[in-house]
Amino acid sequence: MMNHKIVAATLSCSSSSWLHGFAGPTNEISKFPDKRIPMLVLAQKKAKKTRKIILKEDVIDLGKRGQLVDVKAGYYRNFLLPTGKAQIVTPGLFKEMQMEEERIEAEKKRVKEEAQQLALIFETVGAFKVKRKGGKGRQIFGTVTAQDLVDIIKAQIQRDVDKRIVSLPEIRETGEYIAELKLHPEVTAQLRLNVYAN
């Protein structure tokens with residue numbers, strides 16, 4: 001019996017010393033002043049929520065079709081999305097756009113190279129011969145038109161050319177002339193015309 005009492009006393013004594021060590025002496029808790037500590041609360045600005053979008057069509061004061069722009073979330077949600085004028089840019093869509101851009105650039109480069117090759121052909125062929133009915137002296141009846149030149153090019157080198165890209169001087173007599181063909185915004189070919197009378 002006596003052993004149980006000693007163990008219980010030891011336990012209660014050790015547990016109280018353990019609590020005392022954890023919480024500290026009871027006097028120290030009362031050392032904190034009872035004053036209220038003022039807290040400074042700063043108001044934060046409302047974060048501007050924007051969305052990165054791609055325009056599906058031209059939008060006045062915002063951008064052109066296919067352009068990437070940042071807009072306020074509300075503007076996108078309330079106007080652009082319901083009218084189908086824009087779409088949110090996702091990583092997958094962004095990658096698709098980059099691939100499409102690269103494809104378009106490659107196509108532009110190919111078209112320009114073809115125009116340069118055609119210009120080289122026109123400039124190395126020599127003079128295109130144009131026969132017209134002769135009049136007095138060097139004069140010819142009628143004039144040489146863009147359509148005439150297109151037909152001559154088709155007959156001589158088997159190339160189709162749009163007559164809207166042909167620029168001709170006024171031709172009213174026999175002689176040699178220079179015509180220009182705007183094959184590409186950056187490529188203009190010059191070709192010689194030899195106008196003679198039969």
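Since the structure is predicted, the reported quantities are computational estimates derived from the model, not experimental observations.

Analysis parameters
Residues numbered from 1 in each chain as written. Predicted model: local features only at pLDDT ≥ 70, side-chain atom pairs only at ≥ 80, totals over all residues. Heavy atoms only, no water. Pairing = 2+ DSSP bridges. Helix = DSSP H or I, 4+ residues; strand = E, 2+ residues; numbered from the N terminus. Axes fitted to C-alpha atoms, helices over the stretch in contact; angles between N-to-C directions. Contact = heavy atoms within 4.5 Å. UniProt positions renumbered as here; feature names shortened; annotations may be inferred. Salt bridge = Lys/Arg side-chain N within 4 Å of Asp/Glu carboxyl O. Buried < 20%, exposed > 50% of the residue type's maximum accessible area, 1.4 Å probe, protein only. Phe/Tyr/Trp six-rings, centres within 6.5 Å; stacked < 30°, edge-to-face > 60°.

Caption draft 1: Fine view of the sheet that holds strand E1 (residues 50-55). With antiparallel pairing, three strands are arranged side by side in an open sheet as E2-E1-E3. Each edge of the sheet is formed by a strand with only one pairing partner; in this case those strands are strand E2 (68-72) and strand E3 (86-88). Between one strand axis and the next, the sheet turns by 45° as a mean value, whatever way the strands run. Looking at chain direction, E1 and E3 are connected through three bridges and run antiparallel. Bridge pairing links Leu55 to Ala86 in E3. Each of E1, E2 and E3 is contacted by helix H3 (residues 73-83), which is oriented at about 100° to E2, the strand it contacts most.

Caption draft 2: Structural view of the UniProt feature "coiled-coil region" (unreviewed entry) in the chain. Here the UniProt-annotated "coiled-coil region" (unreviewed entry) positions come out as residues 94-121. Across residues 94-121 one finds 100% helix and 0% strand; the C-alpha atoms that close the span lie 41 Å apart.

Caption draft 3: Expanded view of the pattern of salt bridges. Under the counting rule described, the total for this entry stands at 13 salt bridges. Among the ionic pairs, Glu114 bridges to Arg110, the shortest N-O distance being 2.4 Å. Highlighted residues: Glu114 and Arg110, both in helix H4 (residues 91-125), separated by four residues, approximately one helical turn. Judged by relative accessible area, Glu114 falls into the partly exposed class, the value being 44%. A salt bridge links Asp162 to Arg164; the nearest nitrogen and oxygen atoms lie 2.7 Å apart.

Caption draft 4: Looking closely at the sheet that holds strand E4 (residues 128-132). The four strands lie next to each other as E4-E7-E6-E5, forming an open sheet whose pairing is mixed. Among the strands making up the open sheet, the edge pair consists of E4 and strand E5 (166-167). Across five bridges, the pairing between E4 and strand E7 (residues 187-197) is parallel. If you follow Val130 over to E7, its bridge partner there is Val195. Contacts from H4 reach E4, strand E6 (175-184) and E7, with the element oriented near 30° to E7.

Caption draft 5: Expanded view of the packing of aromatic side chains. Under the counting rule described, the total for this entry stands at two aromatic pairs. Summarising the aromatic geometry, the rings of Tyr75 and Phe79 are spaced 5.5 Å apart at their centres and angled 25° between planes, so their arrangement reads as stacked. Residue Tyr75 and its partner Phe79 are both found in helix H3; the two are separated by four residues, about one turn of the helix.

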